[in-house]
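# Close look at the chain arrangement
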Amino acid sequence: MIRLQNVSVTYPGGVEALRGVDLSVGEGEFVVIVGLSGAGKSTLLRVLNGLVPATSGSVIVDGTEVVGASAATLRRVRSRIGMIFQTFNLVHRTTVVNNVLMGRLSRVSPWRSTLGLWPAGDREAAMVALERVGIVEKAYVRASDLSGGQQQRVGIARALAQEPSLMLADEPVASLDPVTSRQVMGDLRRINEELGITTVVNLHFLDLAREYAQRLIGLRDGVLIYDGDIAKVDDDTFQEIYGRAITADDLLAVGEEPASPNGD
Amino acid sequence: MTTSASAWPTRPQIRVRTYGITLALVAFTVFAARKVGFSPSTFWEVWSNPLWEKFWPIPWEWVLDGDNVIKPLIETFQIAVLSTIVGCSLALPISFAMSPLTTPNQPTYLVSRAVMNVVRAVPDLFWAKLLVTAIGIGAFAGTWALSVFSLAIMVKLFSETIDNADSGPLEAARAAGGRHTPVVRTGVFPGVFPAYVSYALYVFELNIRASVVLGLVGAGGIGRVLEAQRQFFKFDRILGILVLIFVVVWVVDHVSVALRKRLV
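Residues numbered from 1 in each chain as written. Chains lettered and ligands numbered in written order. Predicted model: local features only at pLDDT ≥ 70, side-chain atom pairs only at ≥ 80, totals over all residues.

From N to C terminus, chain B includes twelve helices and zero strands. Reading chain B from its N end, one meets helices and strands in the order α-α-α-α-α-α-α-α-α-α-α-α. For chain B, the C-alpha radius of gyration of 25 Å lies well beyond 18 Å, the compact-globule estimate for 264 residues. Overall, the C-alpha framework of chain B stretches about 75 × 65 × 35 Å when taken along its three principal axes. The 264 residues of chain B split such that 35% are buried. (Helix = DSSP H or I, 4+ residues; strand = E, 2+ residues; numbered from the N terminus. Rg over C-alpha atoms; globule rule 2.2 N^0.38 Å. Buried ≥ 20, exposed ≤ 12 C-beta atoms within 10 Å, placed from the backbone.)

Here it is, written out as structure tokens:
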């Protein structure tokens, strides 16, 4: 599904966000990436759909090379990749269903979407996507009138409307309260299991990572320093990724028993 | 200089400069007033001029007789409406091309900026004179001149609004694999549309007033009547015309302000 070879990203200005990352993710996996802010998590996700171009290396998604791809190729690759954002990135002044329809952009002719004349089939697909995240009754409500959790569900529906084979979630719960966070993570997990969509999620709460991930990837200063089954992850692993002792701030710690508080 | 106070940061010294700037502004105002011979006494001299007595009484039967004032006033209104529509329609795509956030590519960005800078550099009265010379005296020239004027203002206001638009939805639309125009249309346009309508109404207000002025140089409408009456020293009629213009401007301003309040 995903194969990264020796991928590096240097931003204009000289910041090295990723350094020589090798990674492969198989069909249907649920992968969580953890690391401190600035460790390169967001960059890693954006390299996958070409929103951030890799400076060097090779990024192959679904059999297509993304690095150096033409605009048309990039659009084709992106059409198969759903993306969810920390701040939801909804258009606040329009309806929920119009936001979800953005997920159909790659399938609808440019003039139709520009004029807002969405074909009936695409409107239906948008409603089905909303149904899947349980807020279809909000379809004609303005996006700004929804709560944070509902807005993120619209974000998920927008990604689902693409009928993607890969789902990228960039800190999807960082702007949400603990209870809503678990609901949204649950949605992502359910979608992964029911639809078999490969999912890559950035998180900074370690207990959430432990609870939802199948496989954990640790980034530190742009270097991939951990990659393994979640069952084998212990507090020492997290300390190594974070480069310091784990504190209460690193945990969401609500609901079930918090991931073994490490006493030191 | 006792205890810990010595460790506090010193307050930044901005006072001297502030006084300096204020003093310079006052000095310049006095200098400019001397240079152009302005003084409060000249103001009173103007008011005691016998010319003012010729403004009274207003010959209402002439002023309200359809062809004299009402018809040209309607023409002024039509010029304002038409030029607002033409100018603002042209401004829509140009504004998106001129904003770094939404421009399709660098050449389009640079060319549209350069062209609009040239258009703005030419004063609107000069545009009117130029067009009157080119296409003849009348409302047609006035409409064109005001369209250019509307375009210049609208592009300035609206492109700056686009610059400050939320880039989040734009990123989401791009990530979904859309082409440039639909991405901008769905990701940015709904957020800035209310501002667009609000500016268009504001431009219309300006156009109503500007179309009176443009009439003075032969671009049709009520301004032409105003100029003709001035040449024949019919100051009582002029006052009547000004009263009617005042009524129109007042009504348009109030309707426009009321509409704009509901938009933002």
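This part covers the sheet that holds strand E7 (residues 166-170) of chain A. All names here are of chain A. Strand order across the open sheet formed by six strands is E6-E7-E8-E3-E9-E10, with mixed pairing between neighbours. Where the open sheet ends on each side, the last strands, each with one partner, are strand E6 (81-84) and strand E10 (223-229). Direction aside, neighbouring strands of the sheet carry axes that sit 15° apart on average. (Pairing = 2+ DSSP bridges. Axes fitted to C-alpha atoms, helices over the stretch in contact; angles between N-to-C directions.)

As a further point, take the interface of chain B and chain A. With 20 residues of chain B in contact, the opposing surface of chain A contributes 24 residues. Elements represented by at least two residues in the side of chain B that touches chain A include exactly helix H8 (168-175), helix H9 (180-187) and helix H10 (189-215) of chain B. A breakdown of the residues in the side of chain B that touches chain A according to their chemical character gives nine nonpolar, seven polar and four charged. (Contact = placed C-beta atoms within 7 Å. Nonpolar A, V, L, I, M, F, W, Y, C, P; charged D, E, K, R; others polar.)

It is worth spelling out the nonpolar core at this point. Ranked by size, the top nonpolar core spans 127 residues in total, and within it Val100 of chain A together with Ala145 of chain B carry the most contacts. The element contributing the most residues to this core is helix H7 (residues 139-163) of chain B, with 14 residues. Beyond its immediate sequence surroundings of up to four residues, Val100 of chain A is in contact with Ala126, Ala129, Leu130, Val154, Ala157, Arg158 and Ala161 of chain A. Val212, Ile222, Leu226 and Ile238 of chain B belong to the second-largest nonpolar core, a separate cluster that totals seven residues. (Core = buried A, V, L, I, M, F, W, Y, C linked by C-beta atoms within 7 Å.)

Okay, the pairing of strand E8 (residues 198-203) of chain A next. Residues and elements named next belong to chain A. In terms of residue burial, E8 counts as a mostly covered element, since six of its six residues are buried. Across the two faces of E8 the burial is the same, with Thr198, Val200 and Asn202 and Thr199, Val201 and Leu203 all buried. Relative to E8, strand E3 (residues 30-34) is paired through five bridges, and the arrangement is parallel. If you follow Val34 over to E8, its bridge partner there is Leu203. Of the crossover connections in this fold, the one passing from E7 over helix H7 (residues 178-195) to the parallel E8 is right-handed. (Right-handed = clockwise from strand over helix to strand, strands pointing away.)

Turning next to the domain arrangement of chain B. When cut into domains, chain B gives domain 1 (3-50) and domain 2 (60-263). Relative placement of domain 1 of chain B and domain 2 of chain B: their C-alpha centres are 35 Å apart. (Domains from an automatic or database assignment.)

All names here are of chain B. For the pair helix H4 (residues 70-98) and helix H5 (residues 106-121), the least separation of the axes is 8 Å and the interaxial angle reads 120°. In terms of axis orientation, H4 runs oblique to H5. Seen from above, H4 lies across H5 with left-handed handedness. For the pair H4 and H5, the contacting residues are Ile94, Ala97 and Met98 in the first and Thr108, Tyr109, Ser112, Arg113 and Met116 in the second. Grouping the constituent residues of the contact of H4 with H5 by class yields five nonpolar, two polar and one charged. (Parallel < 35°, antiparallel > 145°, perpendicular 65-115°, else oblique. Left-handed = near helix turned anticlockwise from the far one by under 90°.)

Okay, helix H12 (residues 235-263) of chain B next. Residue and element names in this part refer to chain B. For H12, spanning 29 residues, the distance from its first C-alpha to its last is 41 Å, which sits close to the expected 42 Å at 1.5 Å a residue. Listed in full, the buried residues belonging to H12 are Arg237, Ile238, Gly240 and Ile241. Tucked inside the fold, the buried residues of H12 contact helix H3 (60-63) and helix H11 (222-231). (Expected span 1.5 Å × (residues − 1).)

Across chain B, pLDDT averages 87, with 98% of residues at or above 70. ipTM for the predicted complex: 0.88, alongside a pTM of 0.81. (pLDDT = per-residue confidence, 0-100.)

This next bit is on the sheet that holds strand E2 (residues 16-25) of chain A. Residue and element names in this part refer to chain A. Ordered in space as E2-E1-E4-E5, the four strands form an open sheet in which the pairing is antiparallel. Pairing within the sheet leaves two strands with one partner each, and these edge strands are E2 and strand E5 (64-65). Two elements, strand E4 (residues 56-61) and E5, share two bridges in a ladder whose sense is antiparallel. Residue pairing in the sheet places Ile60 in a bridge with Glu65 of E5.

Positive phi, close to 50°, is recorded for Asp221 of chain A, a residue that is not glycine. Position of Asp221 of chain A relative to the elements: it lies in the loop between strand E9 (215-220) and E10. Of note in the backbone geometry, Phe233 of chain B takes a positive phi value of approximately 55° without being a glycine. Considering the arrangement of structural elements, one finds Phe233 of chain B in the loop between H11 and H12. A tally of 11 C-beta atoms within 10 Å means that Phe233 of chain B is categorised as exposed.

Quick look at the environment of Met83 of chain A now. Looking at where Met83 of chain A falls in the secondary structure, it is placed in strand E6. Of the residues examined, Met83 of chain A has 28 C-beta atoms within 10 Å and is grouped as buried. For the pair Met83 of chain A and Leu45 of chain A, spaced 38 residues apart in sequence, the C-alpha to C-alpha distance is 9.1 Å. Aside from chain neighbours lying at most four places away, what touches Met83 of chain A is Asn49, Ala159 and Leu168 of chain A together with Ala172 and Ala175 of chain B.

Another point: the pairing of E4 of chain A. Residues and elements named next belong to chain A. With five bridges joining them, strand E1 (residues 2-10) and E4 adopt antiparallel strand pairing. Each residue of the ladder has a partner; that of Leu4, found in E4, is Val59. Between E4 and E5, which pair antiparallel in sequence order, lie two residues; one of them, Asp62, sits at a positive phi of approximately 55°.

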